[in-house]
Amino acid sequence: MPGTLVYLESHDGELTKGGLGLLSKAASLGGDVLGAVLGSGVADVAPRAGAFGASTVYVVDDEALAAPLPQPRVDALEAVVRESGADNVLFPASVLAADVAAGLAARLEAGLNWDLTDLRLEGDELVGVRPALGDTVLVDVGWTTTPRLAIVRSGTFDPVESGGTAEVK
């Protein structure tokens, strides 16, 4: 599978469980797993992503990202997506991540699927699974363009430490 970039949020000097769980899931699918940590004073938390499957972590540590506003993060993440060449961009569900994902999808003219509860590969294609009809059925969803953007429901994937390390850029 081509590169998968996971948007990582941090609070109180720690990467959030949702992002670490997404890194673990992406690593289980194979391919290059990347992380993106955006904020002010976040450089110290980035290396931790390697222990959950990221081979490379892009850090944008800028005072302009101190406030939890989506637009500066869309600008920063767009640059990371273009530099990394990621085919998939995964977001753990949060209010800020949803705003960033929507803005990035519009900027990149990319498809965005949300509320996913699983991800799998069919050949080289990423397939998302999401509940429908009041969570009574599960449906497969896909994308027609790359990069493929997805917001994954909170608590879907548990973080699994792999013991790896990440290059921090």
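An account of the accompanying structure is given in this report. Everything quoted here is computed from the prediction, not taken from an experiment.

Negative charge collects at one region of the surface, where Asp44, Asp61, Asp62 and Glu63 lie side by side. For Asp61, the location among the structural elements is in strand S5 (residues 56-61). Classification of Asp61 by relative accessible area gives partly exposed; the value is 38%.

Next up on the list: unusual backbone geometry. For the peptide bond that leads from Thr146 to Pro147, omega is 0 degrees, which places it in the cis range. Here the phi dihedral of Asp115 falls at roughly 60 degrees; this positive angle occurs in a residue that is not glycine. Inspection of the secondary structure puts Asp115 in strand S7 (residues 112-116). The exposure class assigned to Asp115 is partly exposed, which follows from its relative accessible area of 23%. The phi dihedral of Leu133 is positive, around 50 degrees, even though this residue is not glycine.

Estimates place the volume of the largest pocket at around 300 Å³. If you list the elements that add at least two residues to the lining of the largest pocket, you get strand S1 (4-8), strand S2 (10-11) and strand S4 (33-39). Along the lines of polarity and charge, the residues of the lining of the largest pocket split into 10 nonpolar, 7 polar and 2 charged.

Time to look at the environment of Leu5. Position of Leu5 among the secondary structure elements: in strand S1. Measuring from C-alpha to C-alpha, the distance between Leu5 and Val80 comes to 9.1 Å, with 75 residues separating the pair along the chain. Not counting residues within four places of it along the chain, the set of residues in contact with Leu5 comprises Leu34, Gly35, Ala36, Tyr58, Leu77, Val80, Val81, Ala86, Asn88, Val89 and Leu90.

If you walk across this open sheet you meet the 7 strands as S7-S11-S6-S1-S4-S5-S12, and the pairing is parallel. The sheet is open, and its two borders are formed by S7 and strand S12 (167-168), each paired with just one other strand. Examined bridge by bridge, S1 and strand S6 (residues 88-92) share 3 bridges and lie parallel to one another. Residue pairing across strands places Val6 opposite Leu90, the latter belonging to S6. Helix-sheet contacts for helix H2 (residues 70-84) involve S1, S4, S5 and S6, and the interaxial angle to S4 is about 155 degrees.

Moving on, we come to the packing of H2 against helix H3 (residues 95-108). The contact between H2 and H3 brings their axes to 9 Å, and the two run at 55 degrees. By the angle class used here, H2 and H3 are oblique. When the axes of H2 and H3 are compared, the crossing they make is right-handed. Taking contact as the criterion, the partners of Pro70, Gln71, Arg73, Val74, Asp75, Leu77, Glu78, Val81 and Arg82 in H2 are, on H3, Leu96, Asp99, Val100, Gly103, Leu104, Arg107 and Leu108. Residues of the contact of H2 with H3, tallied by class, amount to 8 nonpolar, 2 polar and 6 charged.

What counts as what
Residues numbered from 1 in each chain as written. Predicted model: local features only at pLDDT ≥ 70, side-chain atom pairs only at ≥ 80, totals over all residues. Heavy atoms only, no water. Patch = residues over 30% accessible without salt bridge, like charges linked within 9 Å, V, L, I, M, F, W, Y side chains within 5 Å. Areas by Shrake-Rupley, 256 points an atom, 1.4 Å probe, with all protein chains shown as cover. Salt bridge = Lys/Arg side-chain N within 4 Å of Asp/Glu carboxyl O. Lys, Arg positive; Asp, Glu negative; His and termini not counted. Charge placed at Lys NZ, Arg CZ, Asp CG, Glu CD. Helix = DSSP H or I, 4+ residues; strand = E, 2+ residues; numbered from the N terminus. Buried < 20%, exposed > 50% of the residue type's maximum accessible area, 1.4 Å probe, protein only. 1 Å grid on protein atoms, 1.4 Å probe; cavity = no way out; pocket = protein on both sides within 12 Å on 5 of 7 lines; lining within 4 Å. Points joined across faces, edges and corners; volume = space filled by probe spheres on them. Nonpolar A, V, L, I, M, F, W, Y, C, P; charged D, E, K, R; others polar. Contact = heavy atoms within 4.5 Å. Pairing = 2+ DSSP bridges. Axes fitted to C-alpha atoms, helices over the stretch in contact; angles between N-to-C directions. Parallel < 35°, antiparallel > 145°, perpendicular 65-115°, else oblique. Left-handed = near helix turned anticlockwise from the far one by under 90°.

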